[in-house]
Amino acid sequence: MTRLGVLLSGRGSNFSAIAQAIKEGTLRDCEIAVVIANREDAVGLEIAREMGLPARCIVSKGVPRAEHDAAVIAALKSFGVELVVLAGYMRVLTPAFIAAFPQAILNIHPSLLPSFAGLDVQKAALEYGVKFAGCTVHFVDEAVDHGVIVLQRTVEVLDADTPATLAARILVEEHQAYPEAIARVISGQYTVVGRRYIRA
Ligand code: GAR
């Protein structure tokens, strides 16, 4: 049983999708050991509490980054977390955090990386005029939105799309992609070759 530690900052729909997949048995061999938010008003924290999962708030506002990350690392370790799952966690991790969980931190990003890293990515994708958009689940390394890609899912961009409608369609794919990516990682059947995440 791989113990997951979910970090989030907001509504927590990706966290909910992962929890649901575990509950339904479509995502097996793992359990959510703890959910940690960096802000008290994160809706995802409330959802975790309602589900009866261990849920902690470690407030980041006004706290030096290294100090906050150290507190989060300590909490994750105390719950025996083996795989860290960033689910709308709007913070860049310090190198110390990444070193504490080598090749064991996943993130989901609402674009087809390496295109459109950063924020407001659906707006950027529409302005650029791409015809396909999507989401990426990737390992976290020291560069933002850069680590080895586990999997991606695509959506077609429609003429009538606004950033909000595109984001909503991408989110549907995110909810499929994250459980599937976690399953891939914990299966032990994949390996990193160069930048490629492929079947061992
Ligand atoms: C998701 O769309 C996720 O891809 C994005 O934040 C949203 C969180 O939604 N993450 C990033 O932009 C990270 N760079 P959720 O709280 O409902 O899961």
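Predicted, not measured: the structure shown is a model, and the values here were computed from it.

1. Brief notes about the domain arrangement of the chain
Often, the extent of an interface is quoted as the loss of accessible area on bringing the components together.
Working step 1: When cut into domains, the chain gives domain 1 (1–102) and domain 2 (107–199).
Working step 2: Put simply, the middle of domain 1 and the middle of domain 2, counted by C-alpha atoms, are 19 Å apart.
Working step 3: Taken together, the contact pairs 21 residues of domain 1 with 16 residues of domain 2.
Working step 4: When domain 1 packs against domain 2, the two sides together hide about 1400 Å² of surface, and 74% of this comes from carbon and sulfur.
Working step 5: Broken down residue by residue, the surface that domain 1 buries against domain 2 is led by N14, L86 and I98, which jointly contribute 33%.
Working step 6: At the boundary of domain 1 with domain 2, the tally comes to zero salt bridges.

2. Quick word on the nonpolar core
One recurring pattern in soluble globular proteins: nonpolar side chains tend to sit buried together.
Working step 1: One finds L76, F97 and I182 to be the most contacted residues of the largest nonpolar core, which totals 60 residues.
Working step 2: Split by domain, this core shows at least three residues from each of two domains, domain 1 (1–102) and domain 2 (107–199).
Working step 3: With residues up to four places along the chain from it excluded, the contact list for L76 reads G5, L7, V34, I36, V81, V84, F97 and F101.

Here is what the cut-offs are and how they apply
Residues numbered from 1 in each chain as written. Predicted model: local features only at pLDDT ≥ 70, side-chain atom pairs only at ≥ 80, totals over all residues. Heavy atoms only, no water. Domains from an automatic or database assignment. Contact = heavy atoms within 4.5 Å. Buried area = accessible area lost by both parts, 1.4 Å probe. Salt bridge = Lys/Arg side-chain N within 4 Å of Asp/Glu carboxyl O. Core = buried A, V, L, I, M, F, W, Y, C linked by side-chain atoms within 4.5 Å. Buried < 20%, exposed > 50% of the residue type's maximum accessible area, 1.4 Å probe, protein only.

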